[in-house]
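# Structural overview
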Amino acid sequence: NLIKEIMKIDRSTQEKVKSEVRKVREETDAKTFLKLSDKYILRKARLLRKFAYSKRETNMVHKIRINLKNAGHIMQLLDEIQLRKIPAKLMHSWKKTEVEIGKWHDGVVLIDSLKKFARKDKTLSKEDKKEIRGFISEANKYNGKLLKKIYPNLSLTLDLIFKYL
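Residues numbered from 1 in each chain as written. Predicted model: local features only at pLDDT ≥ 70, side-chain atom pairs only at ≥ 80, totals over all residues. Heavy atoms only, no water.

### Overview of the overall build of the protein chain
Of regular secondary structure, the protein chain possesses 5 helices and 0 strands. Secondary structure elements in the protein chain, listed N-terminal to C-terminal, are α-α-α-α-α. The buried share of the protein chain, taken over its 165 residues, is 36%. The contacts of the protein chain with a sequence gap of at least 6 include a subset with a gap of at least 24, amounting to 74%. A total accessible area of about 11100 Å² is found for the protein chain, and carbon and sulfur atoms account for 56% of it. (Helix = DSSP H or I, 4+ residues; strand = E, 2+ residues; numbered from the N terminus. Buried < 20%, exposed > 50% of the residue type's maximum accessible area, 1.4 Å probe, protein only. Contact = heavy atoms within 4.5 Å. Areas by Shrake-Rupley, 256 points an atom, 1.4 Å probe, with all protein chains shown as cover.)

Rendered as structure tokens:
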């Protein structure tokens, strides 16, 4: 149920953003709107490239996640309102990278939640805490594997953005 509620929030946020973009689109000539959108996407892509070559720390991957999502949603909106045809290869690469970063983020949230739970619940036995540490260790390994996939996919997505925009 919680996941469904989060998805509703995400969908409502997307719809709100789409509505705002459509409003701006109606108030701005197509050429100017496209120029501003491309400028925004390219600015985000340059920022993402900078982040991609920095240390692979949690806060940096969060920044990548947010900026990739922002740029991707603008590309998706441009395609939806038929102002720019975004190549399927680019959209596929963006979505794939976004899904992988989303899985990584879910792992980070799980790890943080397990750590808090183990710290705060005074009724846990030593065996329970040991089992939780094992879960945390497995989640960390899984997230490490995801990071190894995320960066090459991010690089491909950025290459495609620079190629097509």
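What follows picks up the thread again.
### So, the pattern of salt bridges
Summed over the entire model, instances satisfying the criterion amount to 4 salt bridges. The partner of Arg 84 in a salt bridge is Asp 38, and the shortest N-O contact between them spans 2.3 Å. Within this pair, whereas Arg 84 is found in the loop between α3 (58-80) and α4 (88-120), its partner Asp 38 is found in helix α2 (residues 30-52), the two being separated by 46 residues in sequence. By relative accessible area, which is 21% here, Arg 84 ends up partly exposed. Across the pair Asp 159 and Arg 49 runs a salt bridge whose closest N-O atoms are separated by 2.7 Å. Of this pair, Asp 159 sits in helix α5 (residues 126-164) while Arg 49 is found in helix α2, placing the two residues 110 residues apart along the sequence. Residue classification places Asp 159 among the partly exposed residues on the basis of a relative accessible area of 42%. (Salt bridge = Lys/Arg side-chain N within 4 Å of Asp/Glu carboxyl O.)

### Focus on a positive patch on the surface
A grouping of Lys 31, Lys 35, Lys 39, Arg 43 and Arg 46 is seen on the molecular surface, where their side chains present a positively charged patch. Checked against the element boundaries, Lys 31 lands in helix α2. The exposure class of Lys 31 is exposed, given its relative accessible area of 71%. (Patch = residues over 30% accessible without salt bridge, like charges linked within 9 Å, V, L, I, M, F, W, Y side chains within 5 Å. Lys, Arg positive; Asp, Glu negative; His and termini not counted. Charge placed at Lys NZ, Arg CZ, Asp CG, Glu CD.)

### Quick look at the nonpolar core
The biggest cluster of nonpolar side chains holds 32 residues, and the ones touching the most others in it are Ile 41, Ile 64, Met 75, Leu 78, Trp 104 and Ile 161. Looking at this core, the elements with two or more residues in it are α2, α3, α4 and α5. Apart from residues no more than four positions distant in its own chain, Met 75 is found in contact with Ile 41, Ile 86, Leu 90, Met 91, Trp 94 and Ile 161. The next biggest cluster of nonpolar side chains, apart from the first, holds 7 residues, and it includes Leu 114, Ala 118, Ile 132 and Ala 139. (Core = buried A, V, L, I, M, F, W, Y, C linked by side-chain atoms within 4.5 Å.)

### Description of α2
Over its 23 residues, α2 runs 32 Å from end to end, which matches the ideal 33 Å to within 8%, given 1.5 Å per residue. Taken together, the buried positions of α2 are Phe 33, Leu 34, Ser 37, Asp 38, Ile 41, Leu 42, Lys 44, Ala 45, Leu 48, Phe 51 and Ala 52. (Expected span 1.5 Å × (residues − 1).)

### Looking at the packing of α2 against α3
Where α2 meets α3, the axes come as close as 9 Å, and the angle between the chain directions of the two elements is 155°. Compared by their axis directions, α2 and α3 come out roughly antiparallel. Our pair here, α2 against α3, has a crossing hand that is left-handed. Where α2 approaches α3, its residues Phe 33, Leu 34, Ser 37, Asp 38, Tyr 40, Ile 41, Lys 44, Leu 47, Leu 48, Phe 51 and Ala 52 are matched on the opposing element by Met 60, Lys 63, Ile 64, Asn 67, Leu 68, Asn 70, Ala 71, Ile 74, Met 75 and Leu 78. Looking at the contact of α2 with α3 residue by residue, the class counts come to 15 nonpolar, 3 polar and 3 charged. (Axes fitted to C-alpha atoms, helices over the stretch in contact; angles between N-to-C directions. Parallel < 35°, antiparallel > 145°, perpendicular 65-115°, else oblique. Left-handed = near helix turned anticlockwise from the far one by under 90°. Nonpolar A, V, L, I, M, F, W, Y, C, P; charged D, E, K, R; others polar.)

### A word on the side chain of Lys 44
Within the element layout of this structure, Lys 44 appears in helix α2. Residues within four places of Lys 44 in sequence aside, it is in contact with Asn 67, Asn 70 and Ala 71.

### A short note on the environment of Thr 157
Inspection of the secondary structure assignment puts Thr 157 in helix α5. Leave out the neighbours within four places in its chain, and Thr 157 touches Leu 68, Leu 90, Ser 93, Trp 94 and Thr 97.

### Considerations on α3
Helix length check: α3, at 23 residues, gives a terminal C-alpha distance of 32 Å against a target of 33 Å (1.5 Å per residue), a fit within 8%. Downstream of α3 by a residue or two, Gln 82 has a phi angle that is positive, lying close to 60°.

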